[in-house]
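Here are the chains, one letter per residue:
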Amino acid sequence: MSRTWNTGVVALGGIALAALLTVIGHLEVNDDLNPWALTISDFAVSDRGGVIDVAMVVLALATVALLYGLHRAGPRAGTARTAELLLGAWAAGLLLAAVVPTNEPGTAMTTSAYLHRYASVVAFLALPVGGWLLARRPDLTPAARTLRTLVLLSLALAAAMVWSAYPGDRVLIGLAERLLILTEVAVLATVAVTQARGLTPARGASAGARPR
């Protein structure tokens, strides 16, 4: 069993656990919170240090597992290295957003809330760009079309969220954000599934094979 295959399975497990924790976090919060009008961060701050924060950390660690697999599977030059850096920025943004809370809904923005916001923005933008570059990798060719489709959809949802946050007076911002996160996590899951299926050979595997 290759190490790359292992990282795909570990990443899929982390993604599934993060999704489960996020659902639990939504069920445990105050009933007055509206998931269509409030962001996931608004839910997380109401249960500081709760399962949604843990879910963000778990998802970041799942991304690190993917990065390890990608590092072993192919060359780290040009777009490949840039894609890995962008996925690293996504993971770092998630971790920072988990550690630094936003403000309570309806209260004034604080310094930590701005830091949380911009960490989230970096994460949301880094992942789709990284996903587009990953689609160029020969070892991810079987998933290239799916990756590009998900990236385009995530960019459209990001634009919808930006519109809602500013001229749209936050209408359905919670829905837009959740669809955006779902789409971006699907990018990670697509890479993880490709690794888990063994479509991404471990670096040096072919070199170690002997013709018969």
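Just so you know, these numbers come straight off a predicted model, no measurement behind them. (Residues numbered from 1 in each chain as written. Predicted model: local features only at pLDDT ≥ 70, side-chain atom pairs only at ≥ 80, totals over all residues. Heavy atoms only, no water.)

Here the focus is the nonpolar core. With 51 residues, the main nonpolar core has L59, W90, L134, L147, L188 and V191 as its most contacted residues. Looking at this core, the elements that each hand over two or more residues are α1 (3-28), α2 (40-45), α3 (51-73), α4 (79-99), α5 (111-134), α6 (144-165) and α7 (173-196). By residue number, the principal contributor to this core is α3, which donates 11 residues. The residues contacting L147, other than those within four sequence positions of it, are G131, L134, A135, V187, T190 and V191. (Core = buried A, V, L, I, M, F, W, Y, C linked by side-chain atoms within 4.5 Å. Buried < 20%, exposed > 50% of the residue type's maximum accessible area, 1.4 Å probe, protein only. Helix = DSSP H or I, 4+ residues; strand = E, 2+ residues; numbered from the N terminus. Contact = heavy atoms within 4.5 Å.)

What follows is about the pattern of salt bridges. The final tally for this structure, using the stated rule, is 3 salt bridges. For R137, the salt bridge identified is with D139, shortest N-O distance 2.8 Å. In this structure, a network of salt bridges that share partners links the residues E84, R137 and D139. (Salt bridge = Lys/Arg side-chain N within 4 Å of Asp/Glu carboxyl O.)

Turning to unusual backbone geometry, a few remarks are in order. One non-glycine residue, R170, lies in the positive phi region at around 60°. Relative to the helices and strands, R170 is located in the loop between α6 and α7.

The end-to-end C-alpha distance of α7 is 34 Å, a good match for the 34 Å that 24 residues give at a rise of 1.5 Å each. Most of α7 sits out of view: 18 of its 24 residues are buried. Of the residues flanking the end of α7, it is G198, one or two places downstream, whose phi is positive at about 80°. (Expected span 1.5 Å × (residues − 1).)

With that settled, consider the side chain of T183. By the element assignment, T183 lies in helix α7. Taking relative accessible area as the criterion, T183 reaches 7% and is therefore assigned buried. The residues contacting T183, other than those within four sequence positions of it, are L150, L153, S154 and L157.

Attention now moves to a nonpolar patch on the surface. A grouping of W36, W163, V171 and L172 is seen on the molecular surface, where their side chains present a nonpolar patch of about 430 Å² in accessible area. Its place among the elements puts L172 in the loop between α6 and α7. (Patch = residues over 30% accessible without salt bridge, like charges linked within 9 Å, V, L, I, M, F, W, Y side chains within 5 Å. Areas by Shrake-Rupley, 256 points an atom, 1.4 Å probe, with all protein chains shown as cover.)

It is worth spelling out the packing of α3 against α4 at this point. Two measures define how a pair of helices packs: the angle their axes make with one another and the distance between the axes. Interhelical geometry of α3 versus α4 gives an angle of 165° and a closest axis separation of 8 Å. Judged by the inter-axis angle, α3 sits roughly antiparallel to α4. Crossing hand, α3 versus α4: left-handed. For the pair α3 and α4, contact is made by D53, M56, V57, L59, A60, T63, L67, L70 and H71 and by E84, L87, G88, W90, A91, L94, L95, A97 and A98, respectively. Among the residues forming the contact of α3 with α4, the class breakdown is 13 nonpolar, 3 polar and 2 charged. (Axes fitted to C-alpha atoms, helices over the stretch in contact; angles between N-to-C directions. Parallel < 35°, antiparallel > 145°, perpendicular 65-115°, else oblique. Left-handed = near helix turned anticlockwise from the far one by under 90°. Nonpolar A, V, L, I, M, F, W, Y, C, P; charged D, E, K, R; others polar.)

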